[in-house]
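Structure assessment
Next come the chains, spelled out residue by residue.
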Amino acid sequence: MHDETAVEPTAPCEGGTGPAGGRSGKPGAVLFYSKFDDPVEWGAVLKSELPDLDFRVYPDVGDADEIRTVLAWQPPPGFFEPYRNLTLVVNLGAGIDSLAGRADLPDVPISRLSDSGMIALMRSYVLFSVIRYARNIPDFEAAMRVKEWRYIHPTPLHRIKVGVMGLGHLGAAVASSLAQAGFDVRGWDQAKKAIPGVNCHSGAELASFLSDVEILVNMLPLTPSTRGMIGREVFEAVPRGAKFVNASRGLIVDEPALVEALRTGQIGAATLDVFWTEPLPAEHPFWAMENVLITPHLASITVPEAAARDVAESIRRVAAGQGPLHLTEPQRGY
Ligand code: NDP
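My aim in this report is to walk through the structure given alongside it, one point at a time. Since the model is a prediction, treat every value here as computed from it, not as a measurement.

Basis of the calculations
- Residues numbered from 1 in each chain as written.
- Predicted model: local features only at pLDDT ≥ 70, side-chain atom pairs only at ≥ 80, totals over all residues.
- Heavy atoms only, no water.
- Near = heavy atom within 4 Å.
- Polar contact = N/O pair within 3.5 Å; in protein donor to acceptor, adjacent residues only side chain to side chain.
- Areas by Shrake-Rupley, 256 points an atom, 1.4 Å probe, with all protein chains shown as cover.
- Core = buried A, V, L, I, M, F, W, Y, C linked by side-chain atoms within 4.5 Å.
- Buried < 20%, exposed > 50% of the residue type's maximum accessible area, 1.4 Å probe, protein only.
- Contact = heavy atoms within 4.5 Å.
- Phe/Tyr/Trp six-rings, centres within 6.5 Å; stacked < 30°, edge-to-face > 60°.
- Helix = DSSP H or I, 4+ residues; strand = E, 2+ residues; numbered from the N terminus.
- Salt bridge = Lys/Arg side-chain N within 4 Å of Asp/Glu carboxyl O.
- Expected span 1.5 Å × (residues − 1).

A few points about the site of the ligand
Taken together, 29 residues surround the ligand, and among them Arg-112, Leu-170, Asp-189, Lys-193 and Tyr-334 come closest. The separation between an oxygen atom of the ligand and a polar side-chain atom of Lys-193 is 2.6 Å. For the ligand, an oxygen atom lies 2.5 Å from a polar atom in the side chain of Tyr-334. Here the ligand, which alone exposes 940 Å², has 90% of that area covered by the protein.

Take a look at the structure:
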């Protein structure tokens, strides 16, 4: 897990440096592309770290051969083709699923963000979602609508079993927060992790992990191996009435299977931030389900002032012939 102050050990640069590449010691021009993030804010925070930075905002690219770094969120297909001298791509978020597998992705290091602001927002989203179920808030909202004083005796938090699938930068932070809040937390990941206060399972232990989970939280990355991973088998493996929170990616979940599980009550309720299709189409059954809370993919966002230090450090490192912070592996998908 990383925070704002985290600095990873430097590693040799694995990507190409291009003809006028990073080994010159000069960072070159940075090109920004995002439909969601504010280029003015990003330009300002990056220039506070790198005052001489040549910061360009797409489509005002200038000479494409001068671009060494692309800082982008969900660039369109073919976006990278004009930039022959790239040395670094910084994904303006955590998940690189919109970059992995693309034909135009350059053979340079692909760095993700993992800033303290993003981690804090994700912690708050998942804590809110879990506490909302733990404290029966949907029941009180329903009772209030019919002016009913409906007493439900609170369950002590340490008796509520919460399971987190995916224990990476954000997943581990979320699991840790839930444990600190007092829940009985267990986690599952492909490899064994060690998180204080969290009972960590791995690999083939999925069934035993799921067997007593009352609130299941998905924090896996979207990759070829996690696509559709959370479906009927998972929903049937948790106790009847378990709640589900998806704060990572919609395509990890088999949506028709979730709709069915929510209809039968096998899954008692779900909080969903991400979907197969976004915006969620008006005709989607989730909209009409009273046991579903929908949020429009905002569980967490990148906070520029928190992330700029890491981005600047990555630019400096690559210019010095080293690897960036938060290096990803596009071939595995995260
Ligand atoms: P990381 O990439 O840091 O961690 C991924 C974790 O999942 C790692 O522990 C990895 O294991 C594990 N993993 C990968 N593949 C599998 C698999 N097939 N089976 C089991 N475990 C697997 O991700 P983060 O925690 O930072 O973020 C998770 C996701 O959250 C992001 O990928 C993104 O899609 C999503 N997200 C959603 C946001 C929103 O607003 N809704 C905002 C930000 C992120 P290992 O350590 O062995 O590699």
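Having seen it, we continue.
Side note on the nonpolar core
If you look at the biggest cluster of nonpolar residues, it comprises 51 residues, and the most contacted ones within it are Trp-42, Leu-46, Leu-71, Val-126, Leu-178 and Met-219. When residues no more than four places from it in sequence are discounted, the contact partners of Trp-42 are Phe-32, Asp-37, Phe-55, Leu-71, Leu-92, Leu-113, Thr-302, Pro-304, Ala-307, Ala-308 and Val-311. With 30 residues, the next largest nonpolar core counts Trp-188, Val-234, Ile-252 and Phe-275 among its residues.

Let's talk about the packing of aromatic side chains
Evaluation of the coordinates by the stated rule reveals eight aromatic pairs. Residues Phe-32 and Phe-55 carry aromatic rings whose centres are separated by 5.8 Å and whose planes lie at 50 degrees to one another, so their mutual orientation is tilted. Taken together, the residues Phe-32 in strand β1 (residues 29-33) and Phe-55 in strand β2 (residues 54-57) connect sequence positions 23 residues apart. Take Phe-55: its relative accessible area is 15%, and that puts it in the buried class. Feature note: the residues Tyr-33, Tyr-58, Phe-79, Phe-80 and Tyr-83 constitute an aromatic cluster, connected by ring pairs.

Thoughts on the pattern of salt bridges
Tallied over the entire structure, the rule returns 16 salt bridges. The closest approach of N and O atoms between Arg-316 and Glu-313, which form a salt bridge, is 3.0 Å. One end of the pair, Arg-316, and the other, Glu-313, are both in helix α8 (residues 304-319), three residues apart, so they sit about a helical turn from each other. Here the residues in one salt-bridge network are Glu-49, Glu-313, Arg-316 and Arg-317, joined through shared partners.

Some remarks on helix α4 (residues 169-181)
Given a rise of 1.5 Å per residue, 13 residues ought to cover 18 Å, and the 19 Å separating the end C-alpha atoms of α4 matches this to within 8%. Burial of α4 is extensive: 11 of the 13 residues sit out of reach of the surface. Within the sequence span of α4, burial applies to His-169, Leu-170, Gly-171, Ala-172, Ala-173, Val-174, Ala-175, Ser-176, Ser-177, Leu-178 and Ala-179. Looking at the buried side of α4, the elements it contacts are α2 (116-134), β6 (161-165), β7 (184-189) and β8 (198-202). Gly-182 sits one or two residues past α4 and shows a positive phi near 115 degrees.

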